[in-house]
Amino acid sequence: MRIDVLINNAGVLGREDFDNPDPASIEHQFRVNALGPLLVTQHLSSNLSKGARVAMITSRMGSMADNGSGGYYGYRMSKAALNAAGVSMARDLAGRGIAVALLHPGYVQTEMVNHGGDVSAEDAAAGLIKRIDALGPDNSGSFWHANGESLPW
Ligand SMILES: NC(=O)c1ccc[n+]([C@@H]2O[C@H](COP(=O)([O-])OP(=O)(O)OC[C@H]3O[C@@H](n4cnc5c(N)ncnc54)[C@H](OP(=O)(O)O)[C@@H]3O)[C@@H](O)[C@H]2O)c1
């Protein structure tokens, strides 16, 4: 099976605060949000075609520069780890012409946020598809908002 586009979308959100940094919850988020995309991509790597695109659905909550409100230890830590892994994969797969992007979908009306987001899943997906279409060797390793904005690490 040949894969031209791989989207690592699965994720979980916990809500630990500083006084209750539940280690099991943080570890679970790390496994699903950071380790999962690395292992899935590695396991499927021999199926990725030359010129394939890999999208990691991350979050701007993994950004250090963008963290103005604290909290969410497991989610922030795991998405920051995913961002680090995504940049490493961008470097490691460049020789095969495979490009990797870290994509923040926006604040999306899904179950994760009790449907309280400000963009529909359909509109977020349309933006993500545009970013994946624009992904290639020259911009591999980028961290983008679905709306096209470049995000700070
Ligand atoms: N919604 C937002 O505002 C927002 C903002 C920034 C980033 N994101 C990111 O966007 C991605 C999609 O999130 P969403 O908003 O669609 O959340 P969601 O409604 O909670 O959906 C999460 C999805 O991840 C799957 N999943 C969770 N744990 C899994 C596991 N261990 N193995 C396989 N699948 C698993 C779920 O499958 P099941 O239903 O089968 O459990 C579900 O399909 C996530 O990576 C999230 O971090 C979302």
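Position numbers for residues start from 1 in each chain and track the written sequence from start to end. Per-residue local features of the predicted model are confined to residues with pLDDT of at least 70, and side-chain atom pairs are confined, for both listing and counting, to 80 or more; whole-chain, interface and lining totals are unaffected and use all residues. Computation of side-chain values covers all heavy atoms of the structure but excludes hydrogens and water.

1. Looking at the site of the ligand
- In this text, near means that some heavy atom of the residue lies within 4 Å of the molecule or strand in question. The ligand sits among 19 residues. The nearest are Asn 9, Tyr 75, Lys 79, Val 108 and Thr 110.
- Here a polar contact is recorded for every N or O atom pair within 3.5 Å, except that within protein the pair must consist of a potential hydrogen donor and a potential acceptor, and residues adjacent in sequence are included only if both atoms are side-chain atoms. A distance of 3.4 Å separates an oxygen atom of the ligand from a polar atom in the backbone of Ile 57.
- One of the side-chain nitrogen or oxygen atoms of Lys 79 is found 3.0 Å away from an oxygen atom of the ligand.
- The accessible surface values rely on the Shrake-Rupley method and a 1.4 Å probe; as for residues, cover is taken only from the protein chains in view. With the chains in place, 59% of the 900 Å² that the ligand exposes on its own is no longer accessible.
- Looking at the shell around the ligand residue by residue, the class counts come to 10 nonpolar, 7 polar and 2 charged. Residues are sorted three ways: Asp, Glu, Lys and Arg are charged, Ala, Val, Leu, Ile, Met, Phe, Trp, Tyr, Cys and Pro are nonpolar, and all the rest, Gly among them, are polar.

2. A word on the pairing of strand β2 (residues 48-57)
- Along β2, 7 of the 10 residues are buried, which leaves the element largely enclosed by surrounding structure.
- In this structure, strand β1 (residues 3-8) lies alongside β2, joined through 5 bridges in parallel fashion. What sits directly across from Ile 3, in β2, is Leu 48.
- Convention used here: a crossover is right-handed provided that the path from the first strand, over the helix, to the second strand proceeds clockwise when the strands point away from the viewer. A run of H or I in DSSP counts as a helix once it spans at least four residues, and a run of E counts as a strand once it spans at least two, with each numbered from the N terminus. Each parallel crossover has a hand, and for β1 linked through helix α1 (residues 23-44) to β2 it is right-handed.
- Pairs of strands are assigned from DSSP output, requiring at least two bridges between the strands. Strand direction decides the pairing type here: β2 and strand β3 (residues 99-104), joined by 5 bridges, are parallel. Within the sheet, the bridge partner assigned to Ala 55 lies in β3 and is Ala 101.
- Of the crossover connections in this fold, the one passing from β2 over helix α2 (residues 73-93) to the parallel β3 is right-handed. Exposure categories follow from relative accessible area, calculated using a 1.4 Å probe and restricted to protein chains: below 20% of the type maximum is buried, above 50% is exposed, and the middle band is partly exposed.

3. Looking at the pattern of salt bridges
- Any carboxyl oxygen of Asp or Glu within 4 Å of a side-chain nitrogen of Lys or Arg constitutes a salt bridge here. Within the structure shown, the criterion is met by 2 salt bridges.
- Between Arg 2 and Asp 4 there is a salt bridge whose closest N-O contact spans 3.2 Å.
- Judged by relative accessible area, which is 63%, Arg 2 ranks as exposed.

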